[in-house]
Amino acid sequence: MKNFRIGGKFYGIIKNMYTNAHSCIKLPSGIIKSFPIERGIKQGDTLSPYLFNLYINDMSEVLNKCSDAPTLGNIIVGCLMYADDLIIISETSNGLQNMLDRLHSYCLKWRLQLNIKKTRTMIIRKRQSSKQVSVSFKFGNDIITSTDRYSYLGLLINSKGQFSEGIDCLKKKGYKALYHMTGSLYTGLTFSPEVPIKIFDSTVRPILTYGCEAWASEYFKMLLKPTQVDKAPFEQINNKFCKYILGVPSRASNFTVKAELGREPIFAYICSQVLRYWIRIQDMDMNRLVKQAYLSELDLYKAGKTSWAGFVFQILKTINFDNTKTVKSKTEARQIKCQIRTAYTDLYYDSNYASINHKSKLRTYVTFKNDNNMEKYLQVDNVPQSWRKLYCNFRISCHDLQIERGRYLKLAPELRICKICKLESETEQHFALFCPSYSHLRQNLFREIRKIHTNFLNLDHHERFKFLFNSQNVEIIKLTMEFISNAYTLRKEKLLNIA
Ligand SMILES: [Zn+2]
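So, a few notes on the structure that sits alongside this text. In this text, all values refer to a predicted model and were calculated from it rather than measured experimentally.

The number of helices and strands found in the protein is 21 helices and 13 strands. Computed over its C-alpha atoms, the radius of gyration of the protein comes to 31 Å, more than 25% above the 23 Å expected for a compact globule of 499 residues. Each principal axis of the C-alpha atoms in the protein carries an extent, and together these give about 90 × 65 × 50 Å. Relative to its full complement of 499 residues, the protein shows a buried share of 25%.

Two quantities define a packed helix pair, namely the angle between the axes and the distance from one axis to the other. Contact geometry for helix 12 (residues 289-302) and helix 13 (residues 308-318): axes closest at 7 Å, N-to-C directions at 80°. One finds that helix 12 runs roughly perpendicular with respect to helix 13. Where helix 12 abuts helix 13, its residues Tyr-294, Glu-297, Leu-298 and Tyr-301 lie against Trp-308, Ala-309 and Gly-310. Taken together, the residues that form the contact of helix 12 with helix 13 break down as 5 nonpolar, 1 polar and 1 charged.

The next thing to look at is the pairing of strand 11 (residues 142-146). For strand 9 (residues 120-121) and strand 11, the ladder comprises 2 bridges, and the chain directions are parallel. Counted as the bridge partner of Arg-120 is Thr-145 from strand 11. Between strand 10 (residues 137-139) and strand 11, which pair antiparallel one after the other, the connecting turn spans 2 residues, and Gly-140 there sits at a positive phi close to 65°.

Here we take up the sheet that holds strand 11. Within the open sheet, the 3 strands sit side by side as 9-11-10. Their pairing is mixed. The open sheet has two free edges, formed respectively by strand 9 and strand 10, since each of these has just one partner strand.

Turning our attention to the nonpolar core. If you look at soluble globular proteins, the nonpolar side chains tend to sit buried side by side. Membership of the largest hydrophobic core comes to 75 residues, with the highest contact counts inside it found for Phe-267, Ile-270, Cys-271, Val-274 and Ile-315. Ranked by residues supplied to this core, first place goes to helix 11 (residues 266-282) with 9 residues. Setting aside its immediate chain neighbours within four residues, Cys-271 contacts Ile-315, Ile-340 and Tyr-344. One finds Met-59, Cys-66, Ala-69 and Leu-100 within the second-largest nonpolar core, a separate group that totals 10 residues.

Right, let's talk about helix 4 (residues 164-184) for a bit. Within an α-helix, residues lying three or four positions from one another point in the same direction, as the helix has 3.6 residues per turn. Taking 1.5 Å of rise per residue, the 21 residues of helix 4 would be expected to cover 30 Å, and the 30 Å separating its terminal C-alpha atoms lies within 8% of that figure. Among all positions in helix 4, only Gly-166, Ile-167, Leu-170, Gly-174 and Leu-178 are buried. Seen from one end, helix 4 has its buried residues packed into an arc of 115°, which puts them on one side. Exposed residues on helix 4 whose side chains face more than 90 degrees from its buried face are Asp-168, Lys-172, Lys-176, His-180 and Gly-183. If you follow the buried residues of helix 4, they end up packed against strand 13 (155-158), helix 6 (205-208), helix 7 (212-215) and helix 9 (233-246).

Once that is clear, we can look at the pairing of strand 8 (residues 85-88). Pairing between strand 7 (residues 79-82) and strand 8: 4 bridges, direction antiparallel. Each residue of the ladder has a partner; that of Leu-80, found in strand 8, is Ile-87.

Before going further, it helps to spend a moment on unusual backbone geometry. The phi dihedral of Leu-153 falls on the positive side, at around 50°, and the residue is not glycine. You can see Leu-153 is positioned in the loop between strand 12 (149-152) and strand 13. Judged by the 12 C-beta atoms lying within 10 Å of it, Leu-153 is exposed.

Moving on to helix 21 (residues 474-498). For helix 21, built from 25 residues, the straight-helix expectation of 36 Å at 1.5 Å per residue is met to within 8% by its first-to-last C-alpha distance of 36 Å. Buried residues of helix 21: Ile-476, Ile-477, Leu-479, Thr-480, Met-481, Phe-483, Ile-484, Ser-485, Ala-487, Tyr-488 and Arg-491, and no others. Residues of helix 21 that are buried sit in contact with helix 16 (385-395), helix 18 (428-434), helix 19 (439-452) and helix 20 (461-470).

Thresholds, definitions, all that
- For every chain, the first residue of its written sequence is number 1, and the numbers climb from 1 along that sequence.
- Side-chain atom pairs in this predicted model are given and counted only at pLDDT of 80 or more, local residue features only at pLDDT of at least 70, and totals for whole chains, interfaces and linings cover all residues.
- Secondary structure follows DSSP: runs of H or I at least 4 residues long count as helices, runs of E at least 2 residues long count as strands, and numbering of each begins at the N terminus.
- For this measure, only C-alpha atoms enter the radius of gyration; the expected value for a globule follows 2.2 Å times N^0.38, where N is the number of residues.
- Any residue surrounded by 20 or more other C-beta atoms within 10 Å of its C-beta is treated as buried, while 12 or fewer makes it exposed and the intermediate range makes it partly exposed; C-beta atoms here are placed from the backbone.
- Axis lines are fitted through C-alpha atoms, for helices just across the contact stretch, and the angle between N-to-C directions can take any value from 0 to 180 degrees.
- Oblique is the label for every angle not falling under 35 degrees (roughly parallel), over 145 degrees (roughly antiparallel), or within 65 to 115 degrees (roughly perpendicular).
- Here the contact rule is simple: place C-beta atoms from the backbone, and any two residues whose C-beta atoms are within 7 Å are in contact.
- Lys, Arg, Asp and Glu make up the charged group, whereas Ala, Val, Leu, Ile, Met, Phe, Trp, Tyr, Cys and Pro make up the nonpolar group; the residues left over, Gly among them, are polar.
- Any two strands between which DSSP finds at least two bridges are classified as paired.
- Core membership is restricted to buried Ala, Val, Leu, Ile, Met, Phe, Trp, Tyr and Cys residues, and these are joined into a nonpolar core through C-beta atoms within 7 Å.
- A helix is expected to span 1.5 Å for every residue after the first.
- Each C-beta atom gives one direction from the helix axis, and the arc is the one those directions make.

Below you can see the structure in the form of C-alpha coordinates.
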(Lines give C-alpha, C1' and ligand atoms only; values in the text may rest on other atoms or scores of the structure.)
Protein backbone atom coordinates (compact mmCIF):
# COMPACT_ATOMS: atom_id res chain seq x y z
CA MET A 1 0.00 0.00 0.00
CA LYS A 2 2.89 2.27 0.73
CA ASN A 3 3.99 1.85 -2.91
CA PHE A 4 0.69 3.44 -3.87
CA ARG A 5 1.30 6.24 -1.38
CA ILE A 6 -1.45 5.15 0.94
CA GLY A 7 -0.37 6.13 4.43
CA GLY A 8 -1.40 7.97 7.53
CA LYS A 9 -4.53 7.16 9.51
CA PHE A 10 -6.18 5.32 6.62
CA TYR A 11 -3.25 2.94 6.37
CA GLY A 12 -3.31 2.56 10.14
CA ILE A 13 -6.97 1.58 10.16
CA ILE A 14 -6.54 -1.09 7.50
CA LYS A 15 -3.40 -2.41 9.15
CA ASN A 16 -5.29 -2.64 12.41
CA MET A 17 -8.17 -4.50 10.74
CA TYR A 18 -5.84 -7.18 9.49
CA THR A 19 -3.50 -7.43 12.52
CA ASN A 20 -4.42 -10.38 14.70
CA ALA A 21 -7.37 -11.21 12.42
CA HIS A 22 -9.32 -14.21 13.61
CA SER A 23 -12.07 -16.22 12.02
CA CYS A 24 -14.47 -18.89 13.15
CA ILE A 25 -16.96 -21.25 11.50
CA LYS A 26 -20.62 -21.53 12.35
CA LEU A 27 -21.93 -25.08 12.30
CA PRO A 28 -25.40 -26.41 13.15
CA SER A 29 -23.92 -27.61 16.44
CA GLY A 30 -22.60 -24.17 17.31
CA ILE A 31 -19.64 -21.89 16.65
CA ILE A 32 -16.20 -23.46 16.66
CA LYS A 33 -13.19 -21.94 18.38
CA SER A 34 -11.69 -19.03 16.44
CA PHE A 35 -8.37 -19.39 14.65
CA PRO A 36 -5.91 -16.82 13.32
CA ILE A 37 -6.01 -15.76 9.67
CA GLU A 38 -2.55 -15.29 8.24
CA ARG A 39 -3.35 -14.57 4.64
CA GLY A 40 -6.24 -13.58 2.41
CA ILE A 41 -8.78 -10.82 2.65
CA LYS A 42 -11.99 -10.53 4.62
CA GLN A 43 -14.91 -12.26 2.96
CA GLY A 44 -17.76 -9.92 2.01
CA ASP A 45 -15.90 -6.77 3.01
CA THR A 46 -16.46 -3.97 0.45
CA LEU A 47 -12.78 -3.07 0.70
CA SER A 48 -11.61 -6.60 -0.14
CA PRO A 49 -11.68 -6.44 -3.96
CA TYR A 50 -9.61 -3.24 -3.87
CA LEU A 51 -7.07 -4.71 -1.49
CA PHE A 52 -6.82 -7.81 -3.66
CA ASN A 53 -6.26 -5.66 -6.76
CA LEU A 54 -3.50 -3.76 -5.01
CA TYR A 55 -1.96 -7.03 -3.92
CA ILE A 56 -1.77 -8.53 -7.38
CA ASN A 57 -1.26 -5.28 -9.26
CA ASP A 58 2.34 -6.01 -10.18
CA MET A 59 1.42 -9.48 -11.48
CA SER A 60 0.45 -8.03 -14.85
CA GLU A 61 3.78 -6.20 -15.00
CA VAL A 62 5.61 -9.46 -14.38
CA LEU A 63 3.63 -11.30 -17.06
CA ASN A 64 3.67 -8.52 -19.63
CA LYS A 65 7.45 -8.50 -19.61
CA CYS A 66 7.43 -11.75 -21.59
CA SER A 67 8.46 -11.19 -25.17
CA ASP A 68 5.72 -13.10 -27.01
CA ALA A 69 2.72 -11.43 -25.40
CA PRO A 70 0.36 -9.99 -28.05
CA THR A 71 -0.21 -6.26 -28.32
CA LEU A 72 -3.21 -4.09 -29.02
CA GLY A 73 -2.02 -0.74 -30.33
CA ASN A 74 0.87 0.05 -28.00
CA ILE A 75 -0.52 -1.92 -25.10
CA ILE A 76 0.92 -5.32 -24.23
CA VAL A 77 -1.86 -7.77 -23.43
CA GLY A 78 -0.07 -10.59 -21.66
CA CYS A 79 -2.89 -11.08 -19.22
CA LEU A 80 -6.49 -10.21 -18.53
CA MET A 81 -7.57 -10.03 -14.93
CA TYR A 82 -11.06 -9.87 -13.51
CA ALA A 83 -11.47 -10.32 -9.75
CA ASP A 84 -9.68 -13.62 -9.07
CA ASP A 85 -10.00 -14.74 -12.70
CA LEU A 86 -6.82 -14.67 -14.76
CA ILE A 87 -6.16 -15.27 -18.44
CA ILE A 88 -2.62 -15.26 -19.78
CA ILE A 89 -2.03 -14.97 -23.50
CA SER A 90 0.96 -15.58 -25.68
CA GLU A 91 1.53 -15.89 -29.40
CA THR A 92 3.99 -18.77 -29.00
CA SER A 93 4.05 -21.94 -26.91
CA ASN A 94 7.49 -21.08 -25.50
CA GLY A 95 6.18 -17.68 -24.55
CA LEU A 96 3.25 -19.17 -22.70
CA GLN A 97 5.43 -21.65 -20.80
CA ASN A 98 7.72 -18.79 -19.91
CA MET A 99 4.80 -16.82 -18.52
CA LEU A 100 3.58 -19.81 -16.55
CA ASP A 101 7.03 -20.16 -15.01
CA ARG A 102 7.06 -16.52 -14.03
CA LEU A 103 3.57 -16.82 -12.61
CA HIS A 104 4.69 -19.85 -10.62
CA SER A 105 7.57 -17.95 -8.99
CA TYR A 106 5.29 -14.96 -8.39
CA CYS A 107 2.79 -17.19 -6.60
CA LEU A 108 5.51 -18.77 -4.47
CA LYS A 109 6.87 -15.37 -3.51
CA TRP A 110 3.50 -13.90 -2.57
CA ARG A 111 2.01 -17.09 -1.12
CA LEU A 112 -0.78 -17.26 -3.70
CA GLN A 113 -2.26 -20.56 -4.72
CA LEU A 114 -3.48 -21.39 -8.22
CA ASN A 115 -6.42 -23.75 -8.51
CA ILE A 116 -4.94 -26.17 -11.03
CA LYS A 117 -8.25 -28.05 -11.32
CA LYS A 118 -9.90 -24.94 -12.71
CA THR A 119 -6.98 -24.04 -14.95
CA ARG A 120 -6.99 -24.84 -18.67
CA THR A 121 -4.95 -24.06 -21.74
CA MET A 122 -6.53 -23.43 -25.13
CA ILE A 123 -4.88 -22.95 -28.50
CA ILE A 124 -6.83 -20.49 -30.59
CA ARG A 125 -6.44 -20.60 -34.35
CA LYS A 126 -8.83 -19.64 -37.13
CA ARG A 127 -8.43 -22.84 -39.11
CA GLN A 128 -7.74 -26.25 -37.67
CA SER A 129 -4.57 -27.34 -39.40
CA SER A 130 -3.85 -30.96 -40.25
CA LYS A 131 -0.37 -30.73 -38.80
CA GLN A 132 -1.75 -29.88 -35.41
CA VAL A 133 0.77 -30.57 -32.67
CA SER A 134 -0.33 -31.07 -29.14
CA VAL A 135 1.73 -29.05 -26.74
CA SER A 136 1.41 -29.50 -23.03
CA PHE A 137 2.07 -26.79 -20.51
CA LYS A 138 3.22 -27.01 -16.93
CA PHE A 139 2.64 -24.93 -13.86
CA GLY A 140 5.46 -25.88 -11.52
CA ASN A 141 5.33 -29.67 -11.68
CA ASP A 142 1.64 -29.88 -12.59
CA ILE A 143 0.53 -30.47 -16.17
CA ILE A 144 -2.34 -28.20 -17.20
CA THR A 145 -5.26 -29.86 -18.97
CA SER A 146 -5.98 -28.48 -22.43
CA THR A 147 -9.42 -27.71 -23.80
CA ASP A 148 -11.08 -26.58 -27.05
CA ARG A 149 -13.69 -24.35 -25.43
CA TYR A 150 -13.49 -22.04 -22.49
CA SER A 151 -16.05 -20.05 -20.59
CA TYR A 152 -14.75 -16.58 -19.82
CA LEU A 153 -16.97 -14.34 -17.68
CA GLY A 154 -19.93 -16.56 -18.46
CA LEU A 155 -19.49 -16.73 -22.22
CA LEU A 156 -18.19 -19.81 -23.98
CA ILE A 157 -15.55 -19.26 -26.66
CA ASN A 158 -14.24 -22.08 -28.86
CA SER A 159 -10.73 -22.66 -30.13
CA LYS A 160 -11.51 -20.87 -33.40
CA GLY A 161 -12.34 -17.75 -31.41
CA GLN A 162 -16.04 -18.10 -32.19
CA PHE A 163 -19.02 -17.61 -29.91
CA SER A 164 -21.51 -19.91 -31.67
CA GLU A 165 -21.44 -22.60 -28.97
CA GLY A 166 -21.66 -19.91 -26.33
CA ILE A 167 -24.77 -18.50 -27.99
CA ASP A 168 -26.32 -21.98 -28.07
CA CYS A 169 -25.60 -22.24 -24.35
CA LEU A 170 -27.39 -18.94 -23.78
CA LYS A 171 -30.33 -20.32 -25.74
CA LYS A 172 -30.49 -23.34 -23.43
CA LYS A 173 -30.33 -21.13 -20.36
CA GLY A 174 -32.97 -18.84 -21.85
CA TYR A 175 -35.21 -21.79 -22.58
CA LYS A 176 -34.93 -22.93 -18.97
CA ALA A 177 -35.82 -19.46 -17.75
CA LEU A 178 -38.78 -19.32 -20.16
CA TYR A 179 -39.97 -22.71 -18.95
CA HIS A 180 -39.73 -21.50 -15.38
CA MET A 181 -41.59 -18.31 -16.23
CA THR A 182 -44.45 -19.96 -18.11
CA GLY A 183 -44.80 -22.50 -15.33
CA SER A 184 -45.47 -19.77 -12.83
CA LEU A 185 -48.00 -17.84 -14.94
CA TYR A 186 -51.59 -18.56 -14.09
CA THR A 187 -52.94 -19.84 -17.37
CA GLY A 188 -56.61 -20.01 -16.45
CA LEU A 189 -56.88 -16.27 -16.81
CA THR A 190 -57.12 -14.20 -19.97
CA PHE A 191 -54.71 -11.41 -19.29
CA SER A 192 -53.32 -8.93 -21.71
CA PRO A 193 -50.04 -10.18 -23.25
CA GLU A 194 -48.36 -6.98 -22.08
CA VAL A 195 -47.69 -8.43 -18.63
CA PRO A 196 -45.93 -11.65 -19.74
CA ILE A 197 -44.04 -9.64 -22.38
CA LYS A 198 -42.72 -7.37 -19.66
CA ILE A 199 -41.70 -10.36 -17.55
CA PHE A 200 -40.00 -12.04 -20.53
CA ASP A 201 -38.08 -8.91 -21.45
CA SER A 202 -36.81 -8.41 -17.94
CA THR A 203 -36.00 -12.03 -17.09
CA VAL A 204 -35.42 -14.12 -20.23
CA ARG A 205 -34.14 -11.56 -22.73
CA PRO A 206 -31.14 -10.51 -20.59
CA ILE A 207 -30.05 -14.17 -20.52
CA LEU A 208 -30.43 -14.59 -24.28
CA THR A 209 -28.54 -11.42 -25.08
CA TYR A 210 -25.76 -11.71 -22.50
CA GLY A 211 -22.54 -10.35 -23.97
CA CYS A 212 -24.27 -9.68 -27.31
CA GLU A 213 -22.16 -6.56 -27.86
CA ALA A 214 -19.27 -8.95 -28.46
CA TRP A 215 -20.97 -11.75 -30.39
CA ALA A 216 -23.74 -10.05 -32.39
CA SER A 217 -21.45 -9.49 -35.38
CA GLU A 218 -21.64 -13.25 -36.05
CA TYR A 219 -25.17 -12.46 -37.25
CA PHE A 220 -24.10 -9.85 -39.77
CA LYS A 221 -26.13 -11.59 -42.50
CA MET A 222 -29.35 -11.06 -40.59
CA LEU A 223 -28.96 -7.34 -40.88
CA LEU A 224 -29.14 -7.68 -44.64
CA LYS A 225 -31.70 -10.48 -44.71
CA PRO A 226 -34.15 -9.90 -41.85
CA THR A 227 -36.38 -12.80 -42.95
CA GLN A 228 -33.54 -15.11 -41.82
CA VAL A 229 -33.47 -13.79 -38.28
CA ASP A 230 -36.02 -16.32 -36.99
CA LYS A 231 -33.38 -19.01 -37.35
CA ALA A 232 -31.11 -17.39 -34.76
CA PRO A 233 -31.02 -19.17 -31.36
CA PHE A 234 -32.17 -16.14 -29.36
CA GLU A 235 -35.04 -15.49 -31.80
CA GLN A 236 -36.21 -19.10 -31.54
CA ILE A 237 -36.85 -18.61 -27.82
CA ASN A 238 -38.65 -15.33 -28.50
CA ASN A 239 -40.88 -17.13 -31.03
CA LYS A 240 -41.56 -19.96 -28.63
CA PHE A 241 -42.64 -17.42 -26.06
CA CYS A 242 -44.94 -15.58 -28.53
CA LYS A 243 -46.59 -18.88 -29.48
CA TYR A 244 -47.06 -19.74 -25.85
CA ILE A 245 -48.92 -16.54 -24.98
CA LEU A 246 -51.07 -16.74 -28.09
CA GLY A 247 -51.84 -20.41 -27.47
CA VAL A 248 -50.90 -21.47 -31.00
CA PRO A 249 -48.99 -24.62 -31.99
CA SER A 250 -45.25 -24.57 -32.58
CA ARG A 251 -45.73 -24.99 -36.33
CA ALA A 252 -47.38 -21.52 -36.48
CA SER A 253 -45.47 -19.02 -38.58
CA ASN A 254 -42.83 -17.12 -36.61
CA PHE A 255 -43.58 -13.93 -38.42
CA THR A 256 -47.34 -13.88 -37.78
CA VAL A 257 -47.05 -14.55 -34.07
CA LYS A 258 -44.75 -11.57 -33.75
CA ALA A 259 -47.08 -9.51 -35.93
CA GLU A 260 -50.13 -10.36 -33.80
CA LEU A 261 -48.31 -9.26 -30.68
CA GLY A 262 -46.65 -6.28 -32.37
CA ARG A 263 -43.41 -7.69 -31.08
CA GLU A 264 -39.97 -6.68 -32.26
CA PRO A 265 -37.34 -9.27 -33.15
CA ILE A 266 -34.79 -9.65 -30.34
CA PHE A 267 -32.16 -8.84 -32.93
CA ALA A 268 -33.53 -5.28 -33.10
CA TYR A 269 -32.81 -4.94 -29.39
CA ILE A 270 -29.39 -6.52 -29.86
CA CYS A 271 -28.52 -3.96 -32.56
CA SER A 272 -29.44 -1.16 -30.18
CA GLN A 273 -27.19 -2.68 -27.49
CA VAL A 274 -24.31 -2.85 -29.98
CA LEU A 275 -24.79 0.81 -30.86
CA ARG A 276 -24.90 1.76 -27.19
CA TYR A 277 -21.57 0.01 -26.74
CA TRP A 278 -20.11 1.67 -29.83
CA ILE A 279 -21.11 5.09 -28.49
CA ARG A 280 -19.42 4.26 -25.18
CA ILE A 281 -16.22 3.20 -26.93
CA GLN A 282 -16.07 6.51 -28.75
CA ASP A 283 -15.77 8.32 -25.42
CA MET A 284 -13.14 5.98 -24.02
CA ASP A 285 -9.54 6.82 -23.21
CA MET A 286 -6.92 5.62 -25.67
CA ASN A 287 -5.27 3.52 -22.95
CA ARG A 288 -8.33 1.28 -22.57
CA LEU A 289 -7.98 -2.17 -24.09
CA VAL A 290 -11.48 -2.07 -25.56
CA LYS A 291 -10.67 1.18 -27.33
CA GLN A 292 -7.51 -0.31 -28.81
CA ALA A 293 -9.39 -3.44 -29.84
CA TYR A 294 -11.92 -1.23 -31.60
CA LEU A 295 -9.20 0.71 -33.40
CA SER A 296 -7.71 -2.51 -34.70
CA GLU A 297 -11.17 -3.62 -35.87
CA LEU A 298 -11.40 -0.29 -37.65
CA ASP A 299 -8.14 -1.04 -39.45
CA LEU A 300 -9.55 -4.40 -40.53
CA TYR A 301 -12.63 -2.63 -41.85
CA LYS A 302 -10.53 -0.16 -43.80
CA ALA A 303 -8.61 -3.08 -45.28
CA GLY A 304 -11.92 -4.47 -46.53
CA LYS A 305 -12.02 -7.39 -44.09
CA THR A 306 -14.83 -8.71 -41.93
CA SER A 307 -14.80 -6.82 -38.67
CA TRP A 308 -16.88 -5.70 -35.74
CA ALA A 309 -16.58 -2.12 -36.95
CA GLY A 310 -18.04 -3.14 -40.31
CA PHE A 311 -20.97 -4.68 -38.48
CA VAL A 312 -21.59 -1.48 -36.50
CA PHE A 313 -21.39 0.62 -39.66
CA GLN A 314 -23.93 -1.59 -41.37
CA ILE A 315 -26.29 -1.04 -38.42
CA LEU A 316 -25.69 2.71 -38.68
CA LYS A 317 -26.40 2.57 -42.40
CA THR A 318 -29.85 1.16 -41.58
CA ILE A 319 -30.70 4.44 -39.85
CA ASN A 320 -28.71 6.61 -42.29
CA PHE A 321 -26.28 7.73 -39.62
CA ASP A 322 -22.89 8.88 -40.85
CA ASN A 323 -20.33 6.67 -39.08
CA THR A 324 -17.65 9.35 -39.09
CA LYS A 325 -19.81 11.55 -36.86
CA THR A 326 -19.63 11.29 -33.10
CA VAL A 327 -22.68 11.12 -30.90
CA LYS A 328 -22.76 14.32 -28.90
CA SER A 329 -25.30 13.94 -26.14
CA LYS A 330 -27.09 11.33 -24.10
CA THR A 331 -30.34 12.39 -25.72
CA GLU A 332 -28.89 11.77 -29.16
CA ALA A 333 -27.59 8.37 -28.05
CA ARG A 334 -31.04 7.45 -26.79
CA GLN A 335 -32.63 8.59 -30.05
CA ILE A 336 -30.23 6.49 -32.10
CA LYS A 337 -30.98 3.43 -29.99
CA CYS A 338 -34.73 3.89 -30.46
CA GLN A 339 -34.29 4.55 -34.17
CA ILE A 340 -32.44 1.33 -34.83
CA ARG A 341 -35.02 -0.74 -32.98
CA THR A 342 -37.84 0.73 -35.02
CA ALA A 343 -35.89 0.64 -38.27
CA TYR A 344 -34.87 -2.99 -37.96
CA THR A 345 -38.34 -4.05 -36.81
CA ASP A 346 -39.88 -2.29 -39.83
CA LEU A 347 -37.34 -3.97 -42.08
CA TYR A 348 -38.23 -7.35 -40.58
CA TYR A 349 -41.94 -6.80 -41.12
CA ASP A 350 -41.61 -5.29 -44.59
CA SER A 351 -39.39 -8.06 -45.91
CA ASN A 352 -41.68 -10.72 -44.47
CA TYR A 353 -44.80 -9.12 -45.95
CA ALA A 354 -42.98 -8.82 -49.27
CA SER A 355 -42.12 -12.52 -49.29
CA ILE A 356 -45.78 -13.61 -49.05
CA ASN A 357 -47.30 -14.56 -52.40
CA HIS A 358 -50.71 -15.86 -53.54
CA LYS A 359 -49.66 -19.47 -52.89
CA SER A 360 -48.30 -18.79 -49.46
CA LYS A 361 -49.93 -20.02 -46.29
CA LEU A 362 -50.23 -16.41 -45.22
CA ARG A 363 -52.00 -15.03 -48.28
CA THR A 364 -55.19 -14.62 -46.22
CA TYR A 365 -53.37 -13.00 -43.34
CA VAL A 366 -52.10 -10.15 -45.50
CA THR A 367 -55.60 -9.34 -46.71
CA PHE A 368 -56.38 -7.79 -43.32
CA LYS A 369 -53.08 -7.34 -41.46
CA ASN A 370 -50.66 -4.74 -42.69
CA ASP A 371 -49.11 -3.03 -39.68
CA ASN A 372 -46.88 -4.14 -36.83
CA ASN A 373 -48.94 -3.16 -33.82
CA MET A 374 -50.32 -5.45 -31.16
CA GLU A 375 -53.80 -6.59 -32.15
CA LYS A 376 -56.65 -5.08 -30.20
CA TYR A 377 -58.38 -8.43 -29.65
CA LEU A 378 -55.50 -9.48 -27.41
CA GLN A 379 -56.26 -6.62 -25.07
CA VAL A 380 -60.02 -7.17 -24.84
CA ASP A 381 -61.18 -8.17 -21.35
CA ASN A 382 -63.87 -10.63 -20.38
CA VAL A 383 -63.74 -13.03 -23.28
CA PRO A 384 -63.17 -16.75 -22.77
CA GLN A 385 -59.58 -17.75 -23.42
CA SER A 386 -60.77 -20.45 -25.82
CA TRP A 387 -62.36 -17.80 -28.09
CA ARG A 388 -59.17 -15.82 -28.22
CA LYS A 389 -57.04 -18.86 -29.01
CA LEU A 390 -59.35 -20.09 -31.74
CA TYR A 391 -59.69 -16.64 -33.24
CA CYS A 392 -55.90 -16.20 -33.29
CA ASN A 393 -55.34 -19.63 -34.86
CA PHE A 394 -57.97 -18.82 -37.49
CA ARG A 395 -56.34 -15.48 -38.34
CA ILE A 396 -52.88 -16.96 -38.83
CA SER A 397 -54.20 -20.00 -40.78
CA CYS A 398 -53.24 -22.47 -38.09
CA HIS A 399 -56.45 -24.47 -38.39
CA ASP A 400 -57.75 -27.62 -40.04
CA LEU A 401 -59.99 -26.04 -42.70
CA GLN A 402 -59.56 -27.96 -45.96
CA ILE A 403 -57.49 -25.18 -47.51
CA GLU A 404 -54.74 -26.01 -44.98
CA ARG A 405 -55.30 -29.77 -44.76
CA GLY A 406 -55.15 -29.98 -48.55
CA ARG A 407 -51.77 -28.27 -48.43
CA TYR A 408 -50.37 -31.20 -46.46
CA LEU A 409 -52.11 -33.65 -48.79
CA LYS A 410 -50.60 -31.72 -51.73
CA LEU A 411 -54.01 -31.09 -53.33
CA ALA A 412 -54.49 -28.20 -55.76
CA PRO A 413 -56.25 -25.30 -53.95
CA GLU A 414 -59.45 -25.67 -56.02
CA LEU A 415 -59.71 -29.31 -54.89
CA ARG A 416 -59.66 -28.51 -51.19
CA ILE A 417 -63.47 -28.64 -51.09
CA CYS A 418 -65.57 -27.92 -47.98
CA LYS A 419 -66.69 -31.34 -46.72
CA ILE A 420 -69.88 -29.98 -45.23
CA CYS A 421 -71.49 -27.98 -48.07
CA LYS A 422 -69.33 -29.42 -50.87
CA LEU A 423 -69.79 -26.16 -52.81
CA GLU A 424 -66.26 -24.81 -53.08
CA SER A 425 -62.82 -24.74 -51.47
CA GLU A 426 -63.00 -24.39 -47.73
CA THR A 427 -60.96 -21.20 -47.37
CA GLU A 428 -61.09 -18.80 -44.44
CA GLN A 429 -63.39 -16.57 -46.51
CA HIS A 430 -65.68 -19.50 -47.31
CA PHE A 431 -65.93 -20.37 -43.64
CA ALA A 432 -66.52 -16.81 -42.43
CA LEU A 433 -68.67 -15.39 -45.24
CA PHE A 434 -70.21 -18.09 -47.46
CA CYS A 435 -70.58 -21.61 -46.07
CA PRO A 436 -74.36 -22.13 -45.74
CA SER A 437 -73.79 -24.46 -42.79
CA TYR A 438 -73.32 -21.49 -40.48
CA SER A 439 -75.72 -19.05 -42.12
CA HIS A 440 -77.96 -18.62 -39.07
CA LEU A 441 -74.92 -17.74 -36.91
CA ARG A 442 -73.68 -15.40 -39.65
CA GLN A 443 -77.05 -13.63 -40.02
CA ASN A 444 -76.98 -12.97 -36.33
CA LEU A 445 -73.42 -11.60 -36.54
CA PHE A 446 -74.20 -9.33 -39.49
CA ARG A 447 -77.35 -8.02 -37.83
CA GLU A 448 -75.39 -7.05 -34.71
CA ILE A 449 -72.59 -5.48 -36.75
CA ARG A 450 -75.04 -3.38 -38.73
CA LYS A 451 -76.21 -1.82 -35.48
CA ILE A 452 -72.67 -0.53 -34.97
CA HIS A 453 -71.56 -0.03 -38.56
CA THR A 454 -74.65 0.71 -40.67
CA ASN A 455 -72.74 0.54 -43.94
CA PHE A 456 -71.50 -3.04 -43.39
CA LEU A 457 -73.83 -4.79 -45.81
CA ASN A 458 -72.89 -2.42 -48.61
CA LEU A 459 -69.31 -3.67 -48.53
CA ASP A 460 -68.21 -6.29 -51.04
CA HIS A 461 -66.99 -9.58 -49.64
CA HIS A 462 -63.27 -8.65 -49.68
CA GLU A 463 -64.07 -5.53 -47.71
CA ARG A 464 -66.34 -7.42 -45.34
CA PHE A 465 -63.67 -9.98 -44.58
CA LYS A 466 -61.11 -7.27 -43.97
CA PHE A 467 -63.58 -5.37 -41.83
CA LEU A 468 -64.27 -8.40 -39.62
CA PHE A 469 -60.60 -9.12 -38.93
CA ASN A 470 -59.19 -5.64 -38.96
CA SER A 471 -61.73 -3.79 -36.86
CA GLN A 472 -60.51 -1.86 -33.83
CA ASN A 473 -64.01 -1.76 -32.36
CA VAL A 474 -64.13 -3.90 -29.22
CA GLU A 475 -67.79 -4.89 -29.75
CA ILE A 476 -67.15 -6.01 -33.32
CA ILE A 477 -64.07 -7.93 -32.23
CA LYS A 478 -66.07 -9.72 -29.53
CA LEU A 479 -68.91 -10.54 -31.94
CA THR A 480 -66.51 -11.92 -34.53
CA MET A 481 -64.68 -14.01 -31.95
CA GLU A 482 -67.95 -15.44 -30.73
CA PHE A 483 -69.05 -16.24 -34.28
CA ILE A 484 -65.78 -18.02 -35.13
CA SER A 485 -65.97 -20.02 -31.93
CA ASN A 486 -69.61 -21.08 -32.39
CA ALA A 487 -69.23 -21.84 -36.09
CA TYR A 488 -66.15 -23.89 -35.36
CA THR A 489 -67.96 -25.97 -32.75
CA LEU A 490 -70.78 -26.54 -35.23
CA ARG A 491 -68.31 -27.56 -37.91
CA LYS A 492 -66.75 -30.13 -35.61
CA GLU A 493 -70.16 -31.67 -34.87
CA LYS A 494 -71.10 -31.77 -38.57
CA LEU A 495 -67.80 -33.37 -39.52
CA LEU A 496 -68.33 -36.05 -36.88
CA ASN A 497 -71.77 -36.82 -38.35
CA ILE A 498 -70.32 -37.10 -41.85
CA ALA A 499 -67.64 -39.50 -40.59
ZN1 LIG B 1 -68.92 -25.03 -46.75
